[in-house]
Amino acid sequence: MSVDGATSRPRAEIHHEHRDVTGGWLRPAVFGAMDGLVSNFALIAGVAGGRVHHQVIVLTGLAGLAAGAFSMAAGEYISVASQSELAQAEIEVERRELEHNSEAEELELAQLYEARGLEPELAREVARQLSRDPEEALGVHAREELGIDPGDLPSPVLAAGSSFLSFAIGACLPVLPYLLGAENLWPAAALAAVGLFTAGALVSRVTARSWWFGGLRQLVLGGAAAAITFAVGSLIGTNTV
C-alpha cells in the first residue's frame, strides 16, 4: 500500500519483552527503604537489648530516622550533583570540539561505526547525516563516547528527595509500634520482619531470583543485624551501672 505516493514500510513486530535491567525507579526506592529499615531496626534492637526505658527507645528510633534520612539525602545530592556537573563539563568539551573541529568529529564518529562492523562508505554516510544537526550530533557523540544522554541527566534534588523519603519510610516501621504504645521489642520485630520480607521480594523483580528467595534472604540478613546489635546492647546494658 502507498500513502501520498510513498510506499509504507513494514514495521518489525516485537516477539519478546525485556525487564528494565537498571531497575528503574523501583531499585533505588526499595533499597533506600531497606537501608532505613535494617539500620533503624538494628539500632532499636541494640538499645532495647540494654533494657532502657520505653521513651529512650522512641527517642533513639526517631533520632535514627531523622539522622539517617538526612544523611542519605545529603549524600545522594552530593553524589548526583557531582556526577551531573562532570557530565555537563564533558558535554561542553564535546560541544566545543563540534564547533571548532566538526570534520574531525565526523571522521571520529565514522571510525566508531566502522569499528562496530559497518562498511567504511556506509559508516561515513551515517556519520555525515547524523552530523548535519549540531544538537543531534552533540547527543550522538555524548551517547557514543561518554555513555550519557545530554537531555536525560539525573536531578540531584529529585535523587535527594526520593532517598530521604524512602529511607524515612523504611526507618519508620520498627519505631511505629513503640509510638503506638508497645512496651517490648516483639511488635517492632514482627513489623520489621514483614517489611524486610516484602522489600526483598520486591527486589526480586529486578533480579532473576524468585520472590520468596529474595524475601527470605533479606529477612535473614536484616534479622542477623538486629540480633547482633541486640546481643551487644544486652551485654553492655547488663554490665552498666
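On a predicted model such as this, the values are computed, not experimentally measured, just so you know.

Rules and cut-offs
- Residues numbered from 1 in each chain as written.
- Predicted model: local features only at pLDDT ≥ 70, side-chain atom pairs only at ≥ 80, totals over all residues.
- Heavy atoms only, no water.
- Helix = DSSP H or I, 4+ residues; strand = E, 2+ residues; numbered from the N terminus.
- Buried < 20%, exposed > 50% of the residue type's maximum accessible area, 1.4 Å probe, protein only.
- Polar contact = N/O pair within 3.5 Å; in protein donor to acceptor, adjacent residues only side chain to side chain.
- Contact = heavy atoms within 4.5 Å.
- UniProt positions renumbered as here; feature names shortened; annotations may be inferred.
- Core = buried A, V, L, I, M, F, W, Y, C linked by side-chain atoms within 4.5 Å.
- Patch = residues over 30% accessible without salt bridge, like charges linked within 9 Å, V, L, I, M, F, W, Y side chains within 5 Å.
- Areas by Shrake-Rupley, 256 points an atom, 1.4 Å probe, with all protein chains shown as cover.
- Salt bridge = Lys/Arg side-chain N within 4 Å of Asp/Glu carboxyl O.
- Expected span 1.5 Å × (residues − 1).

**Describing the environment of Q55**
Along the chain, the position of Q55 falls in helix α2 (residues 54-100). Taking C-alpha positions, Q55 is 9.2 Å from L179, a pair spaced 124 residues apart along the chain.

**Overview of the environment of A48**
Relative to the helices and strands, A48 resides in helix α1 (residues 26-49). Looking at A48, the relative accessible area reads 16%, which means it is buried. Sequence spacing of A48 and T60 is 12 residues, and the spatial spacing of their C-alpha atoms is 9.8 Å.

**A short note on the side chain of S166**
Relative to the assigned elements, S166 resides in helix α6 (residues 156-179). Looking at S166, its side chain comes within polar contact range of the main-chain oxygen of S162, at 2.9 Å. Of the polar contacts made by the side chain of S166, one reaches the backbone oxygen of S163; its length is 3.2 Å. Every residue in contact with S166, bar those within four places of it in the chain, is listed here: P28, A29, G32 and A33.

**Brief notes about the UniProt feature "coiled-coil region" (unreviewed entry) in the protein**
The feature "coiled-coil region" (unreviewed entry), as given by UniProt, occupies residues 86-115 in the numbering adopted here. Overall, residues 86-115 shows 97% helix and 0% strand. The separation of its end C-alpha atoms is 27 Å.

**With respect to the nonpolar core**
In terms of nonpolar packing, the biggest core is built from 21 residues, with M34, F41, I44, I57, Y178 and L185 touching the most fellow members. Of all elements in the fold, only α1, α2, α6 and α7 (186-203) reach the threshold of two or more residues within this core. Ranked by residue count, the leading element in this core is α1, at 9 residues. Among residues more than four places away in sequence, those in contact with L185 are F41, I44, A45, A48, Y178 and F230. Core analysis: the second largest hydrophobic core is formed by 6 residues, L109, Y113, A123 and A127 among them.

**Considerations on a nonpolar patch on the surface**
Side chains of L62, L176, L179 and L180 sit close together on the surface and give an oily, nonpolar patch of about 370 Å² of accessible area. Residue position: L176 is located in helix α6. Its relative accessible area of 32% is what places L176 among the partly exposed residues.

**A closer look at α7**
Over its 18 residues, α7 extends 26 Å from the first C-alpha to the last, a length consistent with the 26 Å expected when each residue adds 1.5 Å. Those residues of α7 not exposed but buried are A188, A189, A192, G195, L196, A199, G200, A201 and V203.

**So, unusual backbone geometry**
Its identity as a non-glycine residue notwithstanding, R51 has a phi of 60°, on the positive side. Mapped onto the secondary structure, R51 falls in the loop between α1 and α2. When its relative accessible area of 62% is taken as the criterion, R51 is described as exposed.

**A closer look at the environment of A171**
With respect to the element layout, A171 can be found in helix α6. When the C-alpha atoms of A171 and M34 are compared, they prove to be 8.3 Å apart, with 137 residues separating the residues in sequence. Excluding anything up to four places from it in sequence, A171 contacts G36, L37, N40 and L65.

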